2 protein chains.
Amino acid sequence: MASNSRVTIAAHALAWLELARRRGQGSLTSDEVAASVNTNPVILRRSLGDLKRAGLVTARRGTRAGFSLARPAEEITMYDVWMAVAAEPLLALHRSEPNKECPVGNGIQPVLTDVYDEASSAFGTALSRRTIADMLDRILK
Amino acid sequence: MASNSRVTIAAHALAWLELARRRGQGSLTSDEVAASVNTNPVILRRSLGDLKRAGLVTARRGTRAGFSLARPAEEITMYDVWMAVAAEPLLALHRSEPNKECPVGNGIQPVLTDVYDEASSAFGTALSRRTIADMLDRILK
DNA sequence: CGGGTTGTAATAGGAATGGTTACGATGGCA
DNA sequence: TGCCATCGTAACCATTCCTATTACAACCCG
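Below or above, wherever it landed, is the structure these notes cover. (Residues numbered from 1 in each chain as written. Chains lettered and ligands numbered in written order. Predicted model: local features only at pLDDT ≥ 70, side-chain atom pairs only at ≥ 80, totals over all residues. Heavy atoms only, no water.)

### Quick look at the interface of chain A and chain B
With 55 residues of chain A at the interface, the matching set in chain B holds 55 residues. For the pair chain A and chain B, the summed buried area comes to about 4900 Å², and 67% of that belongs to carbon and sulfur atoms. B:Arg138 is the partner of A:Asp114 in a salt bridge, and the nearest nitrogen-oxygen pair spans 3.7 Å. The interface formed by chain A and chain B holds 18 residue pairs in polar contact (both at pLDDT 80 or more) in total. Across the side of chain A that touches chain B, the residue classes break down as 34 nonpolar, 13 polar and eight charged. (Contact = heavy atoms within 4.5 Å. Buried area = accessible area lost by both parts, 1.4 Å probe. Salt bridge = Lys/Arg side-chain N within 4 Å of Asp/Glu carboxyl O. Polar contact = N/O pair within 3.5 Å; in protein donor to acceptor, adjacent residues only side chain to side chain. Nonpolar A, V, L, I, M, F, W, Y, C, P; charged D, E, K, R; others polar.)

### Some thoughts on the relation of the copies chain A and chain B
Superposing chain A onto chain B requires a rotation of 180° together with a translation of 0.0 Å along the rotation axis, leaving an RMSD of 0.0 Å. The superposition operator between the copies reduces to a two-fold rotation axis. Same-surface contact between copies: 100% of interface residues of chain A are shared with the interface of chain B. (Least-squares fit on C-alpha atoms with pLDDT ≥ 70 in both.)

### Focus: the environment of A:Pro98
Tracing the chain through its elements places A:Pro98 in the loop between helix 4 (78-85) and helix 5 (103-127). What makes A:Pro98 buried here is its relative accessible area of 3%. A:Pro98 sits 31 residues away from A:Phe67 along the chain, and the two C-alpha atoms are 46 Å apart. Not counting chain neighbours up to four residues away, the residues in contact with A:Pro98 comprise A:Gly105, A:Gln109, B:His12, B:Ser36, B:Val37 and B:Asn38. (Helix = DSSP H or I, 4+ residues; strand = E, 2+ residues; numbered from the N terminus. Buried < 20%, exposed > 50% of the residue type's maximum accessible area, 1.4 Å probe, protein only.)

### Comments concerning the protein's contact with DNA strand D
DNA strand D sits among 31 residues. The nearest are A:Ser5, A:Thr39, A:Thr63, B:Ser30 and B:Lys52. Within the side chain of B:Arg46, one N or O atom sits 3.4 Å away from a base nitrogen of DNA strand D. Within the backbone of B:Gly62, an N or O atom sits 3.5 Å from a base nitrogen of DNA strand D. Contributing elements (two or more residues each) for the surface near DNA strand D: helix 3 (41-53) of chain A together with helix 3 (41-53), strand 1 (57-60) and strand 2 (66-69) of chain B. The leading source of residues in the surface near DNA strand D is helix 3 of chain B, at five residues. Of the residues contributing to the surface near DNA strand D, the split by class is eight nonpolar, 12 polar and 11 charged. (Near = heavy atom within 4 Å.)

### Quick notes on the packing of aromatic side chains
What the rule picks out here adds up to five aromatic pairs over all chains. Following the ring pairs from residue to residue traces out a cluster consisting of A:Tyr79, A:Trp82, A:Phe123, B:Tyr79, B:Trp82 and B:Phe123. (Phe/Tyr/Trp six-rings, centres within 6.5 Å; stacked < 30°, edge-to-face > 60°.)

### Let's talk about the protein's contact with DNA strand C
Neighbouring DNA strand C are 31 residues, the closest being A:Lys52, A:Arg61, A:Thr63, B:Arg6 and B:Thr39. Sugar and phosphate atoms constitute 55% of the interface atoms of DNA strand C, taking the interface as everything within 4 Å of the protein. The side chain of A:Arg95 places a nitrogen or oxygen atom 3.5 Å from a sugar or linking oxygen of DNA strand C. Within the side chain of B:Thr39, a nitrogen or oxygen atom sits 2.3 Å from a phosphate oxygen of DNA strand C.

### Side note on the pairing of strand 2 (residues 66-69) of chain A
All names here are of chain A. In terms of strand pairing, strand 1 (residues 57-60) meets strand 2 through four bridges, oriented antiparallel. If you follow Arg60 over to strand 2, its bridge partner there is Gly66. Between strand 1 and strand 2, which pair antiparallel one after the other, the connecting turn spans five residues, and Gly62 there sits at a positive phi close to 95°. (Pairing = 2+ DSSP bridges.)

### Description of helix 5 (residues 103-127) of chain B
In a regular helix each residue adds 1.5 Å, so 25 residues correspond to 36 Å; helix 5 of chain B covers 37 Å between its end C-alpha atoms and thus fits that length. Remark: the principal bend of helix 5 of chain B, roughly 40°, maps to B:Gln109, with a proline, B:Pro110, within the next four residues. (Expected span 1.5 Å × (residues − 1). Bend = angle between axes of the 7 residues up to and from the residue.)

### Re the side chain of A:His94
Inspection of the secondary structure puts A:His94 in the loop between helix 4 and helix 5. Accessibility expressed as a relative area gives 9% for A:His94, which makes it buried. Polar contacts involving the side chain of A:His94 include one to the side chain of A:Gln109, which spans 3.0 Å. Within polar-contact distance, the side chain of A:His94 engages the side chain of B:His12 at 2.8 Å. The residues touching A:His94, leaving out its near neighbours within four places in the chain, are A:Ile108, A:Gln109, A:Leu112, B:Thr8, B:His12 and B:Val37.

In C-alpha coordinates, the structure reads:
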(Lines give C-alpha, C1' and ligand atoms only; values in the text may rest on other atoms or scores of the structure.)
Protein backbone atom coordinates (compact mmCIF):
# COMPACT_ATOMS: atom_id res chain seq x y z
CA MET A 1 0.00 0.00 0.00
CA ALA A 2 2.49 2.56 -1.14
CA SER A 3 0.16 4.96 -2.87
CA ASN A 4 -1.98 7.49 -1.10
CA SER A 5 -5.43 6.71 0.04
CA ARG A 6 -6.02 10.39 0.63
CA VAL A 7 -8.02 10.88 -2.54
CA THR A 8 -10.21 7.96 -1.48
CA ILE A 9 -10.79 9.38 1.99
CA ALA A 10 -11.58 12.83 0.63
CA ALA A 11 -14.00 11.50 -1.98
CA HIS A 12 -15.69 9.37 0.65
CA ALA A 13 -16.08 12.37 2.95
CA LEU A 14 -17.53 14.54 0.19
CA ALA A 15 -20.01 11.88 -0.86
CA TRP A 16 -21.10 11.49 2.73
CA LEU A 17 -21.52 15.25 3.13
CA GLU A 18 -23.65 15.33 0.00
CA LEU A 19 -25.83 12.47 1.21
CA ALA A 20 -26.31 14.28 4.52
CA ARG A 21 -27.32 17.41 2.66
CA ARG A 22 -29.89 15.51 0.60
CA ARG A 23 -31.28 14.15 3.84
CA GLY A 24 -31.64 17.67 5.16
CA GLN A 25 -28.73 17.55 7.55
CA GLY A 26 -26.85 20.81 7.37
CA SER A 27 -23.40 19.65 8.39
CA LEU A 28 -21.41 16.75 9.78
CA THR A 29 -18.69 16.71 12.41
CA SER A 30 -15.32 15.09 11.82
CA ASP A 31 -16.42 12.36 14.23
CA GLU A 32 -19.43 11.52 12.13
CA VAL A 33 -17.46 11.40 8.90
CA ALA A 34 -14.73 9.37 10.55
CA ALA A 35 -17.27 6.78 11.64
CA SER A 36 -18.21 6.10 8.03
CA VAL A 37 -14.68 6.13 6.68
CA ASN A 38 -13.63 4.01 9.67
CA THR A 39 -10.62 5.99 10.75
CA ASN A 40 -9.59 8.66 13.23
CA PRO A 41 -11.37 12.05 13.35
CA VAL A 42 -8.00 13.82 13.15
CA ILE A 43 -7.31 12.20 9.79
CA LEU A 44 -10.60 13.57 8.57
CA ARG A 45 -9.98 17.03 9.94
CA ARG A 46 -6.70 17.05 8.04
CA SER A 47 -8.27 15.86 4.80
CA LEU A 48 -11.21 18.19 5.18
CA GLY A 49 -8.72 20.95 5.88
CA ASP A 50 -7.16 20.32 2.46
CA LEU A 51 -10.61 20.41 0.90
CA LYS A 52 -11.42 23.61 2.71
CA ARG A 53 -8.24 25.27 1.47
CA ALA A 54 -9.26 24.24 -2.05
CA GLY A 55 -12.69 25.79 -1.57
CA LEU A 56 -14.64 22.52 -1.75
CA VAL A 57 -16.03 22.51 1.78
CA THR A 58 -16.69 25.01 4.52
CA ALA A 59 -16.11 24.46 8.22
CA ARG A 60 -17.90 26.02 11.12
CA ARG A 61 -16.45 26.07 14.59
CA GLY A 62 -18.00 26.43 17.98
CA THR A 63 -20.89 24.53 19.54
CA ARG A 64 -22.89 23.88 16.39
CA ALA A 65 -19.81 23.07 14.39
CA GLY A 66 -19.22 20.80 11.40
CA PHE A 67 -18.41 20.58 7.70
CA SER A 68 -20.56 21.04 4.63
CA LEU A 69 -20.06 21.31 0.89
CA ALA A 70 -19.03 24.73 -0.33
CA ARG A 71 -20.70 24.26 -3.71
CA PRO A 72 -23.10 21.85 -5.42
CA ALA A 73 -21.91 18.26 -5.62
CA GLU A 74 -22.58 18.40 -9.36
CA GLU A 75 -19.78 20.95 -9.63
CA ILE A 76 -17.12 19.07 -7.67
CA THR A 77 -15.14 16.66 -9.82
CA MET A 78 -12.66 13.98 -8.83
CA TYR A 79 -10.02 16.14 -10.49
CA ASP A 80 -10.75 18.87 -7.96
CA VAL A 81 -10.41 16.33 -5.18
CA TRP A 82 -7.15 14.99 -6.56
CA MET A 83 -5.69 18.47 -6.90
CA ALA A 84 -6.80 19.37 -3.40
CA VAL A 85 -5.19 16.46 -1.57
CA ALA A 86 -2.48 14.87 -3.74
CA ALA A 87 0.86 16.40 -2.93
CA GLU A 88 3.15 14.07 -4.83
CA PRO A 89 3.35 13.47 -8.58
CA LEU A 90 2.21 10.06 -9.84
CA LEU A 91 5.71 9.07 -10.93
CA ALA A 92 8.97 10.45 -9.56
CA LEU A 93 12.26 11.27 -11.23
CA HIS A 94 15.60 9.95 -9.97
CA ARG A 95 16.13 9.99 -6.24
CA SER A 96 19.76 11.00 -6.68
CA GLU A 97 20.84 13.08 -9.66
CA PRO A 98 21.88 10.98 -12.67
CA ASN A 99 25.43 11.18 -13.95
CA LYS A 100 25.73 14.31 -16.08
CA GLU A 101 28.85 12.96 -17.81
CA CYS A 102 26.71 10.41 -19.59
CA PRO A 103 24.60 11.77 -22.46
CA VAL A 104 21.57 9.88 -21.24
CA GLY A 105 22.03 10.93 -17.64
CA ASN A 106 22.50 14.48 -18.73
CA GLY A 107 19.43 14.85 -20.91
CA ILE A 108 16.83 12.42 -19.68
CA GLN A 109 15.12 14.38 -16.96
CA PRO A 110 13.35 17.06 -19.04
CA VAL A 111 12.21 14.39 -21.47
CA LEU A 112 10.80 12.20 -18.72
CA THR A 113 9.15 15.20 -17.09
CA ASP A 114 7.35 15.90 -20.37
CA VAL A 115 6.17 12.33 -20.68
CA TYR A 116 5.00 12.17 -17.08
CA ASP A 117 3.24 15.52 -17.37
CA GLU A 118 1.36 14.38 -20.46
CA ALA A 119 0.26 11.17 -18.83
CA SER A 120 -0.74 12.88 -15.59
CA SER A 121 -2.73 15.36 -17.57
CA ALA A 122 -4.63 12.52 -19.23
CA PHE A 123 -5.20 11.03 -15.79
CA GLY A 124 -6.61 14.34 -14.56
CA THR A 125 -8.86 14.73 -17.57
CA ALA A 126 -10.37 11.33 -16.90
CA LEU A 127 -10.96 12.26 -13.27
CA SER A 128 -12.59 15.54 -14.25
CA ARG A 129 -15.40 13.63 -15.93
CA ARG A 130 -16.72 12.28 -12.63
CA THR A 131 -18.47 14.46 -10.10
CA ILE A 132 -19.29 13.73 -6.48
CA ALA A 133 -22.98 13.80 -7.40
CA ASP A 134 -22.45 11.18 -10.13
CA MET A 135 -20.56 8.97 -7.76
CA LEU A 136 -23.10 9.24 -4.98
CA ASP A 137 -25.86 8.31 -7.44
CA ARG A 138 -23.95 5.20 -8.40
CA ILE A 139 -23.20 4.35 -4.81
CA LEU A 140 -26.87 4.47 -3.84
CA LYS A 141 -28.00 2.45 -6.83
CA MET B 1 9.36 11.57 -2.38
CA ALA B 2 6.61 9.08 -1.92
CA SER B 3 6.11 7.83 -5.42
CA ASN B 4 8.27 5.30 -7.15
CA SER B 5 11.26 6.26 -9.19
CA ARG B 6 11.38 2.76 -10.61
CA VAL B 7 9.83 3.72 -13.91
CA THR B 8 12.44 6.45 -14.22
CA ILE B 9 15.30 4.10 -13.48
CA ALA B 10 14.02 1.50 -15.91
CA ALA B 11 13.49 4.03 -18.70
CA HIS B 12 16.95 5.41 -18.12
CA ALA B 13 18.48 1.97 -18.31
CA LEU B 14 16.66 1.13 -21.52
CA ALA B 15 17.66 4.39 -23.18
CA TRP B 16 21.26 3.76 -22.21
CA LEU B 17 21.13 0.22 -23.58
CA GLU B 18 19.76 1.55 -26.86
CA LEU B 19 22.47 4.21 -27.10
CA ALA B 20 25.11 1.53 -26.49
CA ARG B 21 23.59 -0.57 -29.24
CA ARG B 22 23.67 2.35 -31.67
CA ARG B 23 27.32 2.78 -30.82
CA GLY B 24 27.98 -0.84 -31.64
CA GLN B 25 28.31 -2.06 -28.09
CA GLY B 26 26.53 -5.37 -27.71
CA SER B 27 25.64 -5.25 -24.05
CA LEU B 28 26.19 -3.38 -20.79
CA THR B 29 26.82 -4.71 -17.32
CA SER B 30 24.77 -3.63 -14.33
CA ASP B 31 27.84 -1.70 -13.16
CA GLU B 32 27.94 0.32 -16.35
CA VAL B 33 24.25 1.14 -16.26
CA ALA B 34 24.45 1.98 -12.57
CA ALA B 35 27.23 4.48 -13.26
CA SER B 36 24.93 6.46 -15.54
CA VAL B 37 21.88 6.26 -13.32
CA ASN B 38 24.11 7.04 -10.35
CA THR B 39 22.99 4.30 -8.05
CA ASN B 40 23.95 0.83 -6.90
CA PRO B 41 24.41 -2.05 -9.37
CA VAL B 42 22.06 -4.21 -7.32
CA ILE B 43 19.25 -1.70 -7.84
CA LEU B 44 19.82 -2.00 -11.56
CA ARG B 45 19.93 -5.76 -11.51
CA ARG B 46 16.58 -5.67 -9.70
CA SER B 47 15.04 -3.26 -12.20
CA LEU B 48 16.53 -5.04 -15.18
CA GLY B 49 15.23 -8.27 -13.74
CA ASP B 50 11.70 -6.84 -13.91
CA LEU B 51 12.32 -5.77 -17.49
CA LYS B 52 13.65 -9.21 -18.32
CA ARG B 53 10.57 -10.89 -16.88
CA ALA B 54 8.47 -8.59 -19.07
CA GLY B 55 10.49 -9.57 -22.13
CA LEU B 56 12.01 -6.14 -22.73
CA VAL B 57 15.66 -7.04 -22.17
CA THR B 58 17.80 -10.15 -22.22
CA ALA B 59 20.58 -10.97 -19.80
CA ARG B 60 23.65 -13.05 -20.44
CA ARG B 61 25.66 -14.53 -17.60
CA GLY B 62 29.22 -15.71 -17.37
CA THR B 63 32.43 -13.89 -18.26
CA ARG B 64 31.08 -11.89 -21.20
CA ALA B 65 27.89 -11.05 -19.38
CA GLY B 66 25.55 -8.07 -19.57
CA PHE B 67 22.16 -6.78 -20.62
CA SER B 68 20.78 -5.81 -24.00
CA LEU B 69 17.39 -4.91 -25.48
CA ALA B 70 15.22 -7.87 -26.36
CA ARG B 71 13.47 -5.99 -29.17
CA PRO B 72 13.86 -2.78 -31.16
CA ALA B 73 13.69 0.40 -29.10
CA GLU B 74 11.00 1.63 -31.49
CA GLU B 75 8.78 -1.15 -30.19
CA ILE B 76 9.23 -0.54 -26.47
CA THR B 77 6.81 2.05 -25.09
CA MET B 78 6.73 3.76 -21.74
CA TYR B 79 3.54 1.84 -21.10
CA ASP B 80 5.49 -1.40 -21.38
CA VAL B 81 8.02 -0.02 -18.91
CA TRP B 82 5.32 1.08 -16.49
CA MET B 83 3.61 -2.30 -16.62
CA ALA B 84 6.90 -4.08 -16.11
CA VAL B 85 8.02 -2.28 -12.96
CA ALA B 86 5.04 -0.58 -11.29
CA ALA B 87 3.57 -2.85 -8.69
CA GLU B 88 1.18 -0.47 -6.99
CA PRO B 89 -1.87 1.27 -8.43
CA LEU B 90 -1.65 5.04 -8.86
CA LEU B 91 -4.31 5.68 -6.21
CA ALA B 92 -5.23 3.35 -3.37
CA LEU B 93 -8.56 2.54 -1.77
CA HIS B 94 -9.15 2.75 1.98
CA ARG B 95 -6.42 1.34 4.17
CA SER B 96 -8.99 -0.08 6.57
CA GLU B 97 -12.38 -1.21 5.33
CA PRO B 98 -15.00 1.55 5.44
CA ASN B 99 -18.05 1.14 7.64
CA LYS B 100 -20.53 -1.09 5.82
CA GLU B 101 -23.40 0.17 7.98
CA CYS B 102 -23.22 3.51 6.21
CA PRO B 103 -24.63 3.56 2.67
CA VAL B 104 -21.61 5.46 1.43
CA GLY B 105 -19.10 3.23 3.19
CA ASN B 106 -20.93 0.20 1.88
CA GLY B 107 -21.06 1.15 -1.79
CA ILE B 108 -18.19 3.45 -2.51
CA GLN B 109 -15.37 1.04 -3.25
CA PRO B 110 -16.54 -0.43 -6.57
CA VAL B 111 -17.42 3.06 -7.78
CA LEU B 112 -14.01 4.42 -6.88
CA THR B 113 -12.32 1.41 -8.42
CA ASP B 114 -14.09 2.17 -11.69
CA VAL B 115 -13.06 5.79 -11.63
CA TYR B 116 -9.45 4.97 -10.79
CA ASP B 117 -9.31 2.30 -13.47
CA GLU B 118 -10.57 4.69 -16.10
CA ALA B 119 -8.06 7.34 -15.14
CA SER B 120 -5.19 4.85 -14.96
CA SER B 121 -6.14 3.57 -18.35
CA ALA B 122 -5.91 7.11 -19.75
CA PHE B 123 -2.53 7.44 -18.07
CA GLY B 124 -1.34 4.24 -19.71
CA THR B 125 -2.61 5.28 -23.12
CA ALA B 126 -0.60 8.48 -22.90
CA LEU B 127 2.49 6.51 -21.92
CA SER B 128 2.00 4.10 -24.80
CA ARG B 129 2.56 6.94 -27.27
CA ARG B 130 6.22 7.33 -26.31
CA THR B 131 8.85 4.79 -27.22
CA ILE B 132 12.37 4.40 -25.90
CA ALA B 133 13.66 5.33 -29.36
CA ASP B 134 11.63 8.57 -29.36
CA MET B 135 12.90 9.48 -25.97
CA LEU B 136 16.53 8.77 -26.80
CA ASP B 137 16.24 10.94 -29.90
CA ARG B 138 14.95 13.79 -27.78
CA ILE B 139 17.61 13.25 -25.15
CA LEU B 140 20.40 13.49 -27.70
CA LYS B 141 18.97 16.56 -29.40
C1' DC C 1 -19.28 31.61 30.50
C1' DG C 2 -19.60 26.50 29.33
C1' DG C 3 -19.30 22.88 26.30
C1' DG C 4 -18.55 20.86 22.03
C1' DT C 5 -15.82 21.09 17.91
C1' DT C 6 -12.16 22.66 14.79
C1' DG C 7 -7.20 23.20 13.86
C1' DT C 8 -2.73 21.60 14.54
C1' DA C 9 1.50 20.06 16.84
C1' DA C 10 4.04 16.11 18.60
C1' DT C 11 4.86 11.52 18.50
C1' DA C 12 4.77 6.58 17.48
C1' DG C 13 4.34 2.40 14.62
C1' DG C 14 4.33 0.26 10.23
C1' DA C 15 5.37 -0.17 5.36
C1' DA C 16 7.84 0.72 1.30
C1' DT C 17 12.00 2.26 -0.90
C1' DG C 18 16.71 2.73 -2.05
C1' DG C 19 21.07 1.41 -0.71
C1' DT C 20 24.65 -1.93 0.73
C1' DT C 21 27.03 -6.27 1.62
C1' DA C 22 27.39 -10.92 0.73
C1' DC C 23 27.40 -15.03 -1.77
C1' DG C 24 25.87 -18.87 -4.72
C1' DA C 25 25.02 -19.78 -9.80
C1' DT C 26 26.40 -19.27 -14.42
C1' DG C 27 29.13 -19.74 -18.43
C1' DG C 28 32.88 -17.89 -21.58
C1' DC C 29 37.78 -18.34 -21.95
C1' DA C 30 42.52 -19.64 -21.04
C1' DT D 1 39.22 -28.28 -16.21
C1' DG D 2 39.50 -24.33 -13.51
C1' DC D 3 39.39 -19.35 -13.21
C1' DC D 4 36.84 -15.25 -12.88
C1' DA D 5 33.64 -11.66 -14.20
C1' DT D 6 29.00 -11.03 -13.81
C1' DC D 7 24.15 -12.16 -12.88
C1' DG D 8 20.51 -13.30 -9.44
C1' DT D 9 18.95 -12.91 -4.99
C1' DA D 10 18.75 -12.93 0.01
C1' DA D 11 19.46 -10.29 4.18
C1' DC D 12 19.77 -6.17 6.41
C1' DC D 13 19.89 -1.07 7.38
C1' DA D 14 18.53 3.85 7.05
C1' DT D 15 15.35 6.91 5.40
C1' DT D 16 11.00 8.49 4.30
C1' DC D 17 6.14 8.62 4.13
C1' DC D 18 1.64 7.50 5.85
C1' DT D 19 -1.79 6.55 9.20
C1' DA D 20 -3.01 6.69 13.78
C1' DT D 21 -3.23 8.68 18.31
C1' DT D 22 -2.89 11.95 22.13
C1' DA D 23 -3.07 16.46 23.54
C1' DC D 24 -4.38 21.05 23.70
C1' DA D 25 -5.25 25.85 22.26
C1' DA D 26 -8.60 28.54 19.48
C1' DC D 27 -13.13 29.21 18.48
C1' DC D 28 -18.03 30.25 18.83
C1' DC D 29 -23.01 29.29 19.64
C1' DG D 30 -26.34 29.24 23.07
